[in-house]
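Topology and contacts: notes
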Amino acid sequence: MDFRLLKVISLLLDYPSDELFVDDTLEQCKQIVASSVLISPPVRQEIADFIDELVSLGEIEAQSRYDGLFERGRSLSLWLFEHVHGESRDRGQAMVDLMGQYEQAGFEIGVKELPDYLPMYLEFLAYQATQTDDDMDIRMHIADVSHILTLLSARLVDKNSSYVCLFKALLQVAGKPLSVIDDELAKLGKPVDDSTPEAMDKEWEEEVVDFLSAKQEDRCPSSQTDQRIAETLARQANQNAQIPVHWVGFDKQNTSASSKGVFA
């Protein structure tokens, strides 16, 4: 089955860089979405309308909207483990484990980004789809994070954001009914806006640490995990001094990836 749709969603969920608006990149995205059998016709149309909206906004307005939506506060964070582990030490180990999956599959990260970044994870799954005929495995990977996708979908609906169409598509690929979004929305109540300057300051305020009273065994594991992440990412960076790759040639079979490029 053609999972290029995941690659398109990965691109559209990433920061709308200038490259997104050159050549016929967005038109190619529309064509892939229109031909996808993984999602329903209404969701296909929503994504097509969303792409037209990006074209109408242009680079500057699209980037400004993206900043205000995804890069202020944590409620709409696109880093998956943010919604699972928060700032706990378990997040570090989960990063290392996910990086190990990337390495084992031969997926190379050519940009400086954490492995749990949703657009990157989707590109990894799209890459996996070119290496295997196991459609169910790809769907199950998305289903594994469907609870996060549902939460983000509900919060996007609450903000009346057209970005929700991309999450609807992912839920359908995972085999989830879109009614789960309404169910989650009903549970949310009225969420606190964490994108205000005051809320952001409070959210990112560092907790005072008393190193004298902290036990050594409570500190070392976290430090070791951080070191393992740093070493893993550094090794990837040294191996992947690649030239920038643009999102073109969606109709070609590909074998390698970066979080903002095509499979060369």
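Just so you know, these numbers come straight off a predicted model, no measurement behind them.

Definitions and cut-offs
- Residues numbered from 1 in each chain as written.
- Predicted model: local features only at pLDDT ≥ 70, side-chain atom pairs only at ≥ 80, totals over all residues.
- Heavy atoms only, no water.
- Salt bridge = Lys/Arg side-chain N within 4 Å of Asp/Glu carboxyl O.
- Helix = DSSP H or I, 4+ residues; strand = E, 2+ residues; numbered from the N terminus.
- Buried < 20%, exposed > 50% of the residue type's maximum accessible area, 1.4 Å probe, protein only.
- Core = buried A, V, L, I, M, F, W, Y, C linked by side-chain atoms within 4.5 Å.
- Contact = heavy atoms within 4.5 Å.
- Expected span 1.5 Å × (residues − 1).
- Polar contact = N/O pair within 3.5 Å; in protein donor to acceptor, adjacent residues only side chain to side chain.

Some remarks on the pattern of salt bridges
Summed over the entire model, instances satisfying the criterion amount to six salt bridges. Aspartate 52 is the partner of lysine 30 in a salt bridge, and the nearest nitrogen-oxygen pair spans 2.9 Å. You can see lysine 30 sitting in helix H2 (residues 25-35) and its partner aspartate 52 sitting in helix H3 (residues 41-70), a full 22 residues away along the chain. Overall, the relative accessible area of 37% leaves aspartate 52 in the partly exposed class. As a salt-bridge pair, lysine 187 and glutamate 184 come within 3.4 Å of each other at their nearest N and O atoms. Of the two residues, lysine 187 and glutamate 184 are both situated in helix H9 (residues 179-188); the distance of three residues between them amounts to about one turn of the helix.

Overview of the nonpolar core
Ranked by size, the top nonpolar core spans 64 residues in total, and within it Leu12, Leu13, Ile47, Leu54, Phe70, Tyr163 and Leu166 carry the most contacts. Within the residue set of this core, elements represented by two or more residues are helix H1 (4-13), H2, H3, helix H4 (89-105), helix H5 (118-131), helix H6 (135-144), helix H7 (146-158) and helix H8 (164-173). Dropping the residues within four chain positions of it, tyrosine 163 is found in contact with Leu12, Leu13, Phe50, Leu54, Arg65, Tyr66, Leu69, Phe70 and Leu156.

Details of H4
In this model H4 runs 25 Å from its N-terminal to its C-terminal C-alpha over 17 residues, within 8% of the 24 Å that 1.5 Å per residue would give. Residues of H4 that are buried include every one of Arg91, Gly92, Ala94, Met95, Val96, Leu98, Met99 and Tyr102, and no others.

Details of the side chain of serine 36
For serine 36, the location among the structural elements is in the loop between H2 and H3. From its side chain, serine 36 meets the backbone nitrogen of leucine 38 in a polar contact 3.2 Å long. The residues touching serine 36, leaving out its near neighbours within four places in the chain, are Leu5 and Arg44.

Observations concerning the environment of proline 42
Tracing the backbone shows proline 42 in helix H3. As for proline 42 and cysteine 165, which are separated by 123 residues in sequence, their C-alpha atoms are 9.7 Å apart.

Any functional reading would require information that these geometric values do not contain.
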